[in-house]
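Summary of the model geometry
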Amino acid sequence: MKKLHSILLTLTATLLCCSALAQTRDVGFQVGVHTPMGQRAGVGGDITFGVGYGQFFRSGLGFRTGLQYSASVADINDAFGVPVAFAYRTRSRSAGERLQAGAAGAGSSLSDGGPYRRSGDVARGAVGGFLLSLFSDVEFFAGVTPGYVAGASGSPYRVSRGGTGYSWDDFWVEKKRAFSLTLDAGACLNYSIWRFDLKLTPAFHFCPTGNYVYHADRLAADGDTIKVQGTTTPLRWFFTFTAGLAYRF
């Protein structure tokens, strides 16, 4: 009992020390799309939501955690996760530096492509270059997301094929197990207005637990006999892109 009490005191002291050294913290929410990588018939992306907390020190190092929910992943419903990641945030740029970088980005877009670009493309490129260069700072992160997949295996997506006889292809995703784990890496562009951050976050995710297995079955009817040829492929790589709003304190 004394040993447990000592461990708890040590953890509490460590957290308090980290909090004292922290330069900034933030809480926020995000929404976006979660999709498997690679083109596979009958399998698409879906919406994902999340809430998160981040804490960063004066060196720029920090960590993030939170909760996330995806309406479906690879057509299997209701995936929950608890992302935990180490992160590094670059120095925040002043308003003058941001405007200077935005002007440089717009100028670079105007000069690209030569004299044969249409005026509408030139204007869109200049606006895009200006906005993309206007970010306050960038976060790079890597971590893990343990989670739980609540939904059942997907239903077959059937496509009929031509030719003699009657034949068709079935595509579907099987859920191999409920508990999941992904390895995550990505970056986040922060656009700061006072204490609020508009966040744009692309990220890649690798699933070593093999929760999702893609099935492609080819069936052909020959009289009363149905011949089946099937292939299975674990879905390992996923991509998310989210936009969110956070409050720094």
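The preceding data block contains the structure.
Note that the structure is a prediction, hence the values are computed from the model and not measured.

Conventions and cut-offs
Residues numbered from 1 in each chain as written. Predicted model: local features only at pLDDT ≥ 70, side-chain atom pairs only at ≥ 80, totals over all residues. Heavy atoms only, no water. Helix = DSSP H or I, 4+ residues; strand = E, 2+ residues; numbered from the N terminus. Areas by Shrake-Rupley, 256 points an atom, 1.4 Å probe, with all protein chains shown as cover. Salt bridge = Lys/Arg side-chain N within 4 Å of Asp/Glu carboxyl O. Buried < 20%, exposed > 50% of the residue type's maximum accessible area, 1.4 Å probe, protein only. Core = buried A, V, L, I, M, F, W, Y, C linked by side-chain atoms within 4.5 Å. Pairing = 2+ DSSP bridges.

1. Structural notes on the overall build of the chain
Assigned secondary structure in the chain consists of three helices and 13 strands. If you sum the accessible surface of the chain, you get close to 14,600 Å²; carbon and sulfur atoms cover 66% of it.

2. Some points on the pattern of salt bridges
A complete count under the given rule lists seven salt bridges for this structure. Between R89 and D26 there is a salt bridge; the shortest N-O distance is 3.1 Å. Remark: D26 occurs in strand 1 (residues 22–36) and R89 occurs in strand 5 (residues 84–89); sequence separation between them is 63 residues. Between K199 and E139 there is a salt bridge, and its shortest N-O distance comes to 3.2 Å. Note that K199 is positioned in strand 10 (residues 196–206) and E139 in strand 6 (residues 137–149), a separation of 60 residues in sequence. An identical accessibility class is assigned to K199 and E139; each is buried. Among the charged side chains, a network of salt bridges with common partners joins D26, R64, R89, E139 and K199.

3. Some remarks on the nonpolar core
If you look at the biggest cluster of nonpolar residues, it comprises 14 residues, and the most contacted ones within it are A74, V173, Y212, Y214, L235 and F238. Mapped onto this core, the elements with two or more residues apiece are strand 4 (76–81), strand 8 (166–175) and strand 11 (212–222). The dominant element in this core, judged by the number of residues it contributes, is strand 11, at three residues. Ranked by size, the runner-up nonpolar core spans five residues in total, among them F56, A85, A87 and A203.

4. Here we look at the pairing of strand 13 (residues 237–248)
The alternating pattern of strand 13 places F238, T240, T242, G244, A246 and R248 on a buried face, while none of W237, F239, F241, A243, L245 and Y247, on the opposite face, is buried. Of the pairings in the sheet, the one linking strand 10 to strand 13 comprises eleven bridges and is antiparallel in character. For F196, the partnering residue across the bridge sits in strand 13 and is Y247.

5. Section: unusual backbone geometry
Its identity as a non-glycine residue notwithstanding, A74 has a phi of 55 degrees, on the positive side. Of note, A74 is situated in the loop between strand 3 (61–73) and strand 4. Here W194, not a glycine, exhibits a phi torsion of approximately 55 degrees, which is positive. Judged by relative accessible area, which is 69%, W194 ranks as exposed.

Geometric values such as these leave the question of function open.
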